[in-house]
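Examination of the molecular architecture
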Amino acid sequence: MIRVRFAPSPTGHLHIGGARTALFNYLFARHAKGTFILRIEDTDRERSTQEYTDSILKGMEWLGFEWDEGPFHQFERLELYKEHVEKLIKEDKAYRCYCTPEELDAKRKALLAAGKKPKYEGTCRNKDLEPRTSNSEPYCIRFKAPQKGNVVFQDICRGEISVNREELDDMIILRTDGTPTYNFTVVVDDVTMNITHVIRGDDHLNNTPRQIQLYQALEYPIPQFAHLPMILGPDKQKLSKRHGAVSVIEYKSMGFLPEAMLNYLARLGWSHGDQEIFTKKELIEYFDLKVVGKAPSVFDIEKCTWVNSEHLKKLSDKELMKWTKPYLEELGIQIADEAYAAKAIHSERERGKTLKELAQITAFYLKEEVLFDEAAAQKWLNENGKKGLKALQNKLFSLKSWDEKILHDTFDAIMKELGISKMVELAQPCRVALTGTTVSPGIFEVMAILGKERVLKRFEAALKK
RNA sequence: GCUCCCAUCGUCUAACGGUUAGGACACGGCCCUCUCAAGGCCGCGAUACGGGUUCGAUUCCCGUUGGGAGCACCA
């Protein structure tokens, strides 16, 4: 039975990189009919907050990553870690270290300055510490790492990784204040939660050999590892705030569909032939960790937006209405007439690449007053334009039926009457009068949807400009 | 500095050692057209570099360069 986990630390919102890691864990679990576990790594009490925990959970829910177990909090498992530390001490696989952070820092700097790798030299490792254990001098616990040979493991994405144990020093597993450190808690947690596959960002690749030593010291089975390539900003640097939106919840407010985010994120580092657009179901069906690439990828908001527009196209009018509604409300629009709003959204659906954009361009239908773009009004609501509008107004007023065909015929008649040869010259003033801008769906479609009453009312207002 | 990892169009990616190196986003052009989209067609554009191995390297090996990560009493 396959068991995977996503283990964010609540020191920030769920960001793009974390979401992608969560996605690959999720897809892997669902594909294999395994278990997906959520674990909050909050041993850093200084930086972890409830606010971030809530935000991460919200992000997970929005993206549709239902977890099967958890969320577990490491902070609630402190006893478990201490038991494991005790075990290692009893077996002489860990020891007390009385070095102060200041001493360590100085040594580290000295080593670095000498061009050497700054690792702990083992000052307390072989010292006879017994006389000091009884006094109250502060100490932390270090892992007594094996020093000979190589740590070798097979990474599902990377292949064989080998590191000489000399590169690894005796890491601290329990801080002076009695709290465990990350490299120790992950191991204890992954083991006790029976994690079979550790799927995480490749910034953890260097930690893996240390963790493997811990598994071995604890005499626990070692899980499979898969290290995912990072997601970078357009400047090829690690994605950060200065690249704009990095937290997934911002993508929600920008009007992205969660399924589109899944789709785009999945295609960063993974592919399935030439296919670009995937439903969540397809992702689950096709996903394969072995196909995941090794090189980091740049997050491209342009392509993400295109993927979103493709998903938008697949929505039914009813679904689209449901998704768009909150964005309309954000613009202060309450939908009174559902059928009318549905027609309005339908007419714009090919034009909006995000839900937010769709709401913005649909707004003119739903707002009482037309908000004029001044440049557009100047250009088209001039003398000539108004002449056409007046002629239209008269004809339209007496129209008995109201559909695109009849409206088109009316336009033709007026163009003939006024000697207008190009449709633009009548269509644009009309468009500006009805929508306030020079851009909209087909003019007859707009008029048909707005209905006679609104059209005439808006003409009236435009003629007064 | 040391260790580990990575390297195909601007970007995301495809290519059992044998392809005119394919697709997608973006970009440019044309068609469609009442505006804007959508759609259709066409175009631009890549194997980082240098050595090997091989009849033949994008593909395998080595080196160089470039990038990333780690070397915390952060996760």
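Computed from a predicted structure; not experimentally measured. (Residues numbered from 1 in each chain as written. Chains lettered and ligands numbered in written order. Predicted model: local features only at pLDDT ≥ 70, side-chain atom pairs only at ≥ 80, totals over all residues. Heavy atoms only, no water.)

A word on the overall build of chain A
Definition in use: Runs of E in the DSSP output that reach at least two residues are strands. Runs of H or I that reach at least four are helices, and both are numbered from the N terminus. Only C-alpha atoms enter the radius of gyration, while the globule expectation follows 2.2 Å times N to the 0.38, with N the number of residues. Type-normalised accessible area, obtained with a 1.4 Å probe on protein chains alone, sets the label of each residue: buried when under 20%, exposed when over 50%, and partly exposed for intermediate values. Any two residues having at least one pair of non-hydrogen atoms within 4.5 Å are treated as being in contact. All accessible areas in this document rest on Shrake-Rupley with a 1.4 Å probe, and a residue is counted as covered only by the protein chains that are shown. His residues and chain termini do not enter the charge count, which takes Lys and Arg as positive and Asp and Glu as negative. For the purpose of locating charges, the reference atoms are NZ of Lys, CZ of Arg, CG of Asp and CD of Glu.
Per the secondary structure count, chain A includes 19 helices and 12 strands. Rg of the C-alpha trace for chain A: 32 Å, well past the compact-globule value of 23 Å for 465 residues, more than 25% over. Classification of the 465 residues of chain A by burial places 50% in the buried group. In chain A, 75% of the contacts between residues at least 6 apart in sequence involve partners at least 24 apart. With the model as given, the accessible surface of chain A reaches about 23,100 Å², and the carbon-plus-sulfur share is 51%. Charged side chains of chain A number 70 positive and 69 negative; the gap between the two group centres comes to 2 Å.

Notes on the sheet that holds strand 5 (residues 140-143)
Put simply, the rule reads: DSSP bridges decide pairing: two strands pair if at least two such bridges lie between them. To obtain an axis, a line is fitted to C-alpha atoms, over the contacting stretch when the element is a helix, and the angle between two such axes runs from 0 to 180 degrees between their N-to-C directions.
Across the sheet, which stays open at both edges, the 3 strands sit in the order 4-5-8 with antiparallel pairing between neighbours. What marks the edges here is a single partner per strand, and that holds for strand 4 (94-97) and strand 8 (172-174). When strand polarity is set aside, the average angle formed by the axes of neighbouring strands in this sheet is 45 degrees. Where strand 4 and strand 5 come together, 4 bridges link them in antiparallel fashion. Looking across to strand 5, one finds that alanine 94 is bridged to phenylalanine 143.

Concerning the domain arrangement of chain A
Buried accessible area, meaning the area lost when the parts come together, often serves as the stated size of an interface. Quick reminder of the rule: Residue ranges for the domains originate in an automatic or database domain assignment. A quick way to say it: buried area is the sum, across both parts, of accessible area lost when two parts are put together, with a 1.4 Å probe. We define a salt bridge as a contact between a side-chain nitrogen of Lys or Arg and a carboxyl oxygen of Asp or Glu at a distance within 4 Å. Pairing of N or O atoms within 3.5 Å defines a polar contact, subject to two protein rules: one partner must be a possible hydrogen donor and the other a possible acceptor, and residues neighboring in sequence count only if both atoms are side-chain atoms.
When cut into domains, chain A gives domain 1 (3-70 + 183-232), domain 2 (80-174) and domain 3 (374-463). For the pairing of domain 1 and domain 2, the buried interface totals around 2,300 Å² over both sides, and the portion due to carbon and sulfur atoms is 65%. Three residues stand out in domain 1 for area buried against domain 2, namely Phe184, Arg210 and Gln213, and they jointly supply 28% of the buried area on that side. Between glutamate 219 and lysine 93 there is a salt bridge, and its shortest N-O distance comes to 3.8 Å. At the boundary of domain 1 with domain 2, the tally comes to 9 residue pairs in polar contact (both at pLDDT 80 or more). Elements with a minimum of two residues in the side of domain 1 that touches domain 2: helix 6 (182-192), helix 7 (208-218) and strand 10 (224-228).

Quick notes on the protein's contact with RNA strand B
Rules: Definition of nearness: a residue and a molecule or strand are near each other if at least one heavy atom of the residue lies within 4 Å of the molecule or strand.
Lining the immediate surroundings of RNA strand B are 62 residues, of which Gly115, Arg158, Arg175, Thr176 and Gly269 lie closest. If you look at RNA strand B and keep only atoms within 4 Å of the protein, 70% of those are sugar or phosphate atoms. In this structure, a phosphate oxygen belonging to RNA strand B sits 3.4 Å away from a side-chain N or O atom of arginine 108. The separation between a phosphate oxygen of RNA strand B and a polar side-chain atom of lysine 353 is 3.5 Å. Those elements that place two or more of their residues in the surface near RNA strand B are helix 4 (101-113), strand 7 (159-164), helix 6, strand 12 (297-298), helix 11 (301-314), helix 18 (424-435) and helix 19 (443-463).

Describing the packing of aromatic side chains
The line we're drawing: For this analysis, a ring pair means two rings from Phe, Tyr or Trp (six-membered ring only for Trp) whose centres lie within 6.5 Å, classed as stacked if their planes differ by under 30 degrees, edge-to-face if by over 60, and tilted for the remaining angles. Geometrically, a charge over a ring is one whose NZ (Lys) or CZ (Arg) sits within 6 Å of the ring centre while staying within 35 degrees of the ring normal.
Per the stated rule, a full pass over the model turns up 14 aromatic pairs. Taken together, a centroid distance of 5.6 Å and an interplanar angle of 55 degrees make the contact between tyrosine 98 and tyrosine 139 tilted. Placement of tyrosine 98 in the loop between strand 4 and helix 4 and of tyrosine 139 in the loop between helix 5 (130-133) and strand 5 is noted, with a sequence separation of 41 residues between them. On the basis of relative accessible area, tyrosine 139 is assigned to the partly exposed category, the value being 28%. Put simply, the rings of Phe24, Trp270, Phe278, Tyr286 and Phe287 pair up and form one aromatic cluster. The cationic tip of arginine 454 hangs over the ring face of tyrosine 340; the distance from NZ or CZ to the ring centre is 3.7 Å.

Overview of unusual backbone geometry
Cis rather than trans, the peptide bond between glycine 70 and proline 71 has omega equal to 0 degrees. Summarising the element assignment, proline 71 is placed in strand 3 (residues 69-73). Even without a glycine there, the phi angle at aspartate 92 is positive, about 65 degrees. Relative to the assigned elements, aspartate 92 resides in the loop between helix 3 (78-90) and strand 4.

Thoughts on the environment of lysine 236
Along the polypeptide, lysine 236 turns up in the loop between strand 11 (231-232) and helix 8 (248-253). With relative accessibility at 57%, the residue lysine 236 sits in the exposed group. Residues lysine 236 and aspartate 403, spaced 167 residues apart in sequence, show a C-alpha to C-alpha distance of 53 Å.

Some words on the pairing of strand 10
This is how it is decided: Handedness rule for crossovers: strands pointing away from the viewer, path from the first strand over the helix to the second running clockwise, crossover right-handed.
Here strand 10 lies mainly inside the structure; 4 of its 5 residues are buried. Of the pairings in the sheet, the one linking strand 9 (residues 197-201) to strand 10 comprises 5 bridges and is parallel in character. Paired with glycine 201 across the two strands is leucine 228, which belongs to strand 10. The parallel pair strand 9 and strand 10, bridged by helix 7, forms a crossover whose chirality is right-handed.

Focus: the pairing of strand 1 (residues 3-6)
Where burial is concerned, the two faces of strand 1 agree: the one with Arg3 and Arg5 and the one with Val4 and Phe6 are both buried. Where strand 1 lies against strand 2 (residues 35-40), 4 bridges are found, and the strand directions are parallel. Its bridge partner being in strand 2, valine 4 is matched across the sheet by phenylalanine 36. Running through helix 1 (residues 16-31), the crossover from strand 1 to the neighbouring parallel element strand 2 is right-handed.

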